[in-house]
Amino acid sequence: MLKPLRKAVMPVAGLGTRFLPATKTVAKEMLPVVDRPLIQYAVDEARAAGIEQFCFVTGRGKTAIVEQFDVAYELERTLEERGKARELAELRAQQLAPGSVITTRQQVPMGLGHAIWCARHFIQDEPFAILLPDDLMMCDVSCTKQLADAYKETGGNVVAIEEVPRERVNRYGVIDIAEDKGRLVSVKGLVEKPPVDQAPSNLTIIGRYVLMPEVIGHLAKMEKGAGGEIQLTDSMAKLIGTQPFHGVRYEGRRFDCGDKAGYLEAQVAFALARPDLAPAMKDILARYS
Ligand code: UTP
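It should be emphasised that the depicted structure is a prediction, and the values quoted were computed from it without experimental measurement.

**Points about the overall build of the protein chain**
Okay, step 1: Counting its regular elements, the protein chain contains eleven helices and 13 strands.
Okay, step 2: Relative to the compact-globule value of 19 Å for 289 residues, the protein chain shows a C-alpha radius of gyration of 19 Å, a close match.
Okay, step 3: Of all 289 residues assigned to the protein chain, the portion counted as buried reaches 48%.
Okay, step 4: Considering only intrachain contacts with a sequence separation of at least 6, the fraction spanning at least 24 residues in the protein chain is 76%.
Okay, step 5: Carbon together with sulfur atoms contributes 53% to the accessible area of the protein chain, which is approximately 14500 Å² in total.

Dropping the structure here:
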């Protein structure tokens, strides 16, 4: 019997140096795409996959992220008084159940692997999803749900993957393919940010994972990898051979909102996908083309 997937960890303790000076005082995960902060998209995606418990791994200056999911009494009352029923309903819909959010602290950003290890008491002995909110997904079926469905099929660890041009593999965790079955790929190795000529494939891991709790034991060894950081990929690699490990070619699009160009593209794509904004966005684009 597979344990149900109920928990999600969202590491949000990074410094966001690529977005300075904006991220000097505003958490990268609070940057909006159209009218919602990145963290909101990630939480909605996780809820659509049946996730019930959330852990934000935060750092200095990240308190607004937690407040985004709290009750804002004064604001709600004012909206009520002004008859803004639609806005009020939207705010209320985004609140999470009492007791379903916890935060833990990563005091020093020592890497993604270290951030996940900081959530160990939340994870305990259950499978868990990881969502990196700066990877913004546009999918008909929530990307995390696509992974959750694959987990039900295969058990074990499941990561979302996509093909990238060869010359860009050195920015990602890369998969060594055991067997390529199309949507599902069984994995025999993983390597973080390999030199282009040494990469085992051009299939790369994006910021969506379903992992087994045993990864924590490997993270606890605090071994540093690429860039001197404690890398999640290195500890995931150690699970291969002891547990199933699959990549899922997810259906949908990803926008790398940790990067300026990716963030700007997301603004355009998400505005064009909104009936209320698409005509205005098309006008704007026509003026600049
Ligand atoms: P990034 O690699 O994008 O790093 O982290 P960053 O610090 O956020 O941004 P740059 O590169 O300086 O511009 C990917 C995800 O992992 C989290 C980040 O918050 C982001 O969601 N992370 C990264 C941590 O929580 N802790 C870390 O030590 C590193």
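**Describing the nonpolar core**
When a protein is soluble and globular, its nonpolar side chains tend to lie buried together.
Okay, step 1: Ranked by internal contacts, the top residues of the largest apolar core, which has 32 residues, are Met10, Ile39, Val43, Phe56 and Val210.
Okay, step 2: In terms of residue count, the dominant contributor to this core is helix H7 (residues 143-154) (five residues).
Okay, step 3: For methionine 10, the contacting residues outside a window of four places in its chain are Ile39, Ala42, Val43, Ala46, Phe54, Cys55, Phe56, Val57 and Leu131.

**What about the site of the ligand?**
Okay, step 1: Around the ligand, 18 residues are found, and the nearest of them are Thr17, Arg18, Lys28, Gln106 and Gly111.
Okay, step 2: Contact distances for the ligand include 2.8 Å between an oxygen atom and a backbone N or O atom of arginine 18.
Okay, step 3: Summarising the interface, the protein chains cover 82% of the accessible area of the ligand, which totals 570 Å² for the free molecule.
Okay, step 4: Of the residues contributing to the shell around the ligand, the split by class is nine nonpolar, five polar and four charged.

**Side note on unusual backbone geometry**
Okay, step 1: Along the chain, leucine 20 connects to proline 21 via a cis peptide bond; the corresponding omega equals 5 degrees.
Okay, step 2: You can see proline 21 is positioned in the loop between strand S1 (7-11) and strand S2 (32-33).
Okay, step 3: With a phi close to 45 degrees, lysine 193 is a non-glycine residue in the positive phi region.
Okay, step 4: Inspection of the secondary structure puts lysine 193 in the loop between strand S10 (184-192) and strand S11 (203-211).
Okay, step 5: By relative accessible area, lysine 193 is classed as partly exposed at 39%.
Okay, step 6: Not every positive phi belongs to a glycine, and methionine 222 is a case in point at roughly 60 degrees.
Okay, step 7: Mapped onto the fold, methionine 222 is located in the loop between helix H8 (215-219) and helix H9 (232-237).

**Some thoughts on the pairing of S1**
Okay, step 1: Within S1, five of the five residues are buried, which leaves the element mostly enclosed by the surrounding structure.
Okay, step 2: What you see with S1 is no split at all: Lys7, Val9 and Pro11 on one side and Ala8 and Met10 on the other are buried throughout.
Okay, step 3: Inspection of the sheet shows S1 paired to strand S4 (residues 53-58) by five bridges, in the parallel sense. The partner of valine 9 across the bridge, within S4, is cysteine 55.
Okay, step 4: Sheet analysis places S1 next to strand S6 (residues 128-131), joined by three bridges and oriented parallel. If you follow alanine 8 over to S6, its bridge partner there is alanine 129.

**Regarding the pattern of salt bridges**
Okay, step 1: Applying the stated rule across the entire model yields 25 salt bridges.
Okay, step 2: For lysine 3, the salt bridge is made with aspartate 125, and the minimal N-O distance between the two is 3.5 Å. Placement of the pair is lysine 3 in the segment before S1 and aspartate 125 in the loop between helix H6 (120-123) and S6, with a sequence separation of 122 residues.
Okay, step 3: Take lysine 3: its relative accessible area is 41%, and that puts it in the partly exposed class.
Okay, step 4: Take aspartate 125: its relative accessible area is 47%, and that puts it in the partly exposed class.

**Considerations on the packing of aromatic side chains**
Aromatic ring pairs are reported here in terms of the distance separating the ring centres and the angle at which the planes meet.
Okay, step 1: Counting across every chain of the model gives four aromatic pairs.
Okay, step 2: Between the aromatic rings of tyrosine 41 and phenylalanine 270, the centroid separation amounts to 5.2 Å while the plane-to-plane angle is 70 degrees, which identifies the pairing as edge-to-face. Of the two residues, tyrosine 41 is situated in helix H1 (residues 38-48) and phenylalanine 270 in helix H10 (residues 260-272); the sequence distance between them amounts to 229 residues. Taken individually, tyrosine 41 and phenylalanine 270 each receive the classification buried, so the pair is uniform in this respect.
Okay, step 3: Aromatic pair phenylalanine 255 and phenylalanine 270: ring centres 5.8 Å apart, planes at 70 degrees, arrangement edge-to-face. Of this pair, phenylalanine 255 sits in strand S13 (residues 253-256) while phenylalanine 270 sits in helix H10, and the two are 15 residues apart along the sequence.
Okay, step 4: Relative accessible area serves as the criterion here: at 2%, phenylalanine 255 is assigned to the buried category.

Rules used throughout
Residues numbered from 1 in each chain as written. Predicted model: local features only at pLDDT ≥ 70, side-chain atom pairs only at ≥ 80, totals over all residues. Heavy atoms only, no water. Helix = DSSP H or I, 4+ residues; strand = E, 2+ residues; numbered from the N terminus. Rg over C-alpha atoms; globule rule 2.2 N^0.38 Å. Buried < 20%, exposed > 50% of the residue type's maximum accessible area, 1.4 Å probe, protein only. Contact = heavy atoms within 4.5 Å. Areas by Shrake-Rupley, 256 points an atom, 1.4 Å probe, with all protein chains shown as cover. Core = buried A, V, L, I, M, F, W, Y, C linked by side-chain atoms within 4.5 Å. Near = heavy atom within 4 Å. Polar contact = N/O pair within 3.5 Å; in protein donor to acceptor, adjacent residues only side chain to side chain. Nonpolar A, V, L, I, M, F, W, Y, C, P; charged D, E, K, R; others polar. Pairing = 2+ DSSP bridges. Salt bridge = Lys/Arg side-chain N within 4 Å of Asp/Glu carboxyl O. Phe/Tyr/Trp six-rings, centres within 6.5 Å; stacked < 30°, edge-to-face > 60°.

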